[in-house]
Amino acid sequence: MLQEAQNVVSQISGADIATAAKYIAAGICMGIGAIGPAIGEGMAAAHALDGMARQPEMEGALLRTMVLGQAITESTGIYSLLIAIVLLFVI
Amino acid sequence: MLGPIGQKLIAHVSIGSFSFSFDLITIIMSWIVIALLVILALTLRRSLHQDVDEKPNRVQALLDALIDLVKGQLTSSFSSDQLARELFPFIATLFLFILVSNWISIIPYFESPTKDLNVTFSFGLLVFFMSQFFAIRRKGVGKYFKGFIEPYPFMLPLNIVGEIAKPLSHSFRLFGNMFGGAIMLSIMYMFPMTSWIVPIGLNLFYGLFQGMIQAFVFSLLAVAYINVAVET
């Protein structure tokens, strides 16, 4: 039992550990990086909806501003996606 | 398992001591999108020979709706009517090109050109240079450079970095959305259990819905950046 475990351990090379770390890091990066934009975009949509319910005639302007704000909020999520892509495919 | 996702067909051309690399798929798909838009414009133009008094036909109503959308939602955010009139063809072209190149990815074996960072970054640079040009033309060279040391002179590096960051984030946003969608799709296609229904639905979602939203957001941000550069 102990001998088998030692054999398995001796077969793992540094490259294997690096590959595993790469995948884990990409997963963590995307998972944590998606939290912030999700909360931010949800807040933007909620407040825009509040405004639309109060003043339905302002719907067009509110929708445009909401989409613009969400697009800017989204860029942090996009940056973490880029870092995850770099981790997976480039490094 | 993830090997074939990032692969590209690259052509290397060397002229003298310079060597260029081209992504063939992106170039061919961009030309297909351009050809589609030109053919569409030429065929739609034929049905526009009508008097104002006549009832408009279907094609004309469609074009009216499209132009109303771009005018009402995008270029009405400009601060002045003159700027809106000048930049309407630019913004509409940007919107239509990105829209068609996002939508073309729902056809099998076609890839959207906006999946390539080179294409989106050239759009970002285009908008950047347009905004600087209009800012210089509106304010004059002296006031333009004075704008960099406002409100305080020590804010100069901050202002320069802020200007440079705009085209970067602008182009990375479109690229990240399109490329992320493509990666999701190719991962979904790999699993045998989800080989039919899920990829088709996702393809429609990413191609049609996300594509339209991203084209709209890209042109809206172009309007906002040019407006900010001209105003402040």
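Small disclaimer: the values here were computed from a predicted structure and weren't measured.

Trainee: Quick question: what am I supposed to make of the confidence of the model for chain A here?
Mentor: Low pLDDT means the predicted coordinates in that region are not meant to be read closely. When pLDDT is averaged across chain A, the result is 88; 100% of the residues are at 70 or more. Ranking the helices and strands of chain A by mean pLDDT puts helix α3 (residues 35–54) of chain A first, with 93, and helix α1 (residues 2–11) of chain A last, with 77.

Trainee: For this particular structure, what's the right way to read the packing of helix α1 (residues 24–45) of chain B against helix α3 (residues 81–103) of chain B?
Mentor: All names here are of chain B. Running from N to C, α1 and α3 point in directions that differ by 120°, and their axes come no closer than 10 Å. In this view, α1 runs oblique relative to α3, as classed from their interaxial angle. Crossing geometry of α1 relative to α3 is assigned as right-handed. Residues Val33, Leu36 and Leu37 of α1 pack against Leu96, Phe97, Val100 and Ser101 of α3. Of the residues contributing to the contact of α1 with α3, the split by class is 6 nonpolar, 1 polar and no charged.

Trainee: Would you explain the packing of α3(A) against helix α4 (residues 59–90) of chain A in this entry?
Mentor: The axes of two packed helices give the description: the angle between them and the distance between them. All names here are of chain A. Where α3 meets α4, the closest approach of the two axes is 9 Å, and the angle between their N-to-C directions is 170°. Between α3 and α4, the angle is such that the two are roughly antiparallel. Along its contact with α3, which presents Gly36, Pro37, Gly40, Glu41, Ala44, Ala45, Ala48, Gly51 and Met52, the element α4 presents Glu59, Leu62, Met66, Gly69, Gln70, Thr73, Glu74, Thr76 and Gly77. Each residue belonging to the contact of α3 with α4 can be placed in one class, and the counts come to 7 nonpolar, 8 polar and 3 charged.

Trainee: What is the right way to read α4(A) from this model?
Mentor: A turn of α-helix holds 3.6 residues, and therefore any two residues three or four places apart point the same way. Spanning 32 residues, α4(A) covers 44 Å between terminal C-alpha atoms, matching the ideal 46 Å at 1.5 Å per step. Among all positions in α4(A), only A:Ala71, A:Glu74, A:Gly77, A:Ile78, A:Ser80, A:Leu81 and A:Ala84 are buried. For α4(A), the secondary structure elements touched by its buried residues are α2 (14–33) and α3 of chain A together with α6 (156–190) and α7 (197–231) of chain B.

Trainee: Please explain the interface of chain A and chain B as it appears in this structure.
Mentor: The figure often quoted for interface size is the accessible area lost as the parts come together. Contact with chain A, which involves 11 residues of that partner, is made by 14 residues of chain B. Split by residue class, the side of chain A that touches chain B holds 8 nonpolar, 1 polar and 2 charged.

Trainee: Would you explain the nonpolar core in this entry?
Mentor: A general tendency of soluble globular proteins is for nonpolar side chains to be buried together. One finds B:Ile91, B:Leu94, B:Phe95, B:Ile98, B:Phe218, B:Ala222 and B:Val223 to be the most contacted residues of the largest nonpolar core, which totals 39 residues. Residue assignment for this core shows that the elements contributing at least two residues are α2 and α4 of chain A together with α1, α2 (58–74), α3, α4 (117–139), α6 and α7 of chain B. It is α7(B) that contributes the most residues to this core, 10 residues altogether. Ignoring any residue separated from it by four or fewer positions in sequence, one finds B:Leu94 in contact with B:Phe123, B:Phe218, B:Ser219 and B:Ala222.

About the cut-offs
For every chain, the first residue of the written sequence is number 1, and numbering continues from 1 onward in sequence order. Written order decides the labels, with chains lettered from A and ligands numbered from 1. Whole-chain, interface and lining totals are the exception, using all residues; otherwise, since this is a predicted model, local features are given only for residues with pLDDT of at least 70 and side-chain atom pairs are given and counted only at 80 or more. What pLDDT reports is the predictor's confidence in each residue, on a scale of 0 through 100. Strands here mean DSSP runs of E at least two residues long; helices mean DSSP runs of H or I at least four residues long; both are numbered from the N terminus. In this analysis an axis means a line fitted to C-alpha atoms, helices contributing only their contacting stretch, and an angle means the value between N-to-C directions, from 0 to 180 degrees. For classification purposes, angles smaller than 35 degrees are called roughly parallel, those larger than 145 roughly antiparallel, those between 65 and 115 roughly perpendicular, and all remaining angles oblique. Less than a right angle of anticlockwise turn of the near helix away from the far helix marks a crossing as left-handed, whereas a clockwise turn marks it as right-handed. C-beta atoms are first placed from the backbone for all residues, and any pair lying within 7 Å is then listed as a contact. All amino acids are sorted into three groups, where Ala, Val, Leu, Ile, Met, Phe, Trp, Tyr, Cys and Pro are nonpolar, Asp, Glu, Lys and Arg are charged, and the leftover types, Gly among them, are polar. How far a helix is expected to stretch is found by multiplying one less than its residue total by 1.5 Å. Exposure is read from a count of other C-beta atoms within 10 Å of each residue's own; the residue is exposed at 12 or fewer, buried at 20 or more and partly exposed in between. C-beta atoms are placed from the backbone. In this description, a nonpolar core means buried residues of the types Ala, Val, Leu, Ile, Met, Phe, Trp, Tyr and Cys, linked to one another by C-beta atoms lying within 7 Å.

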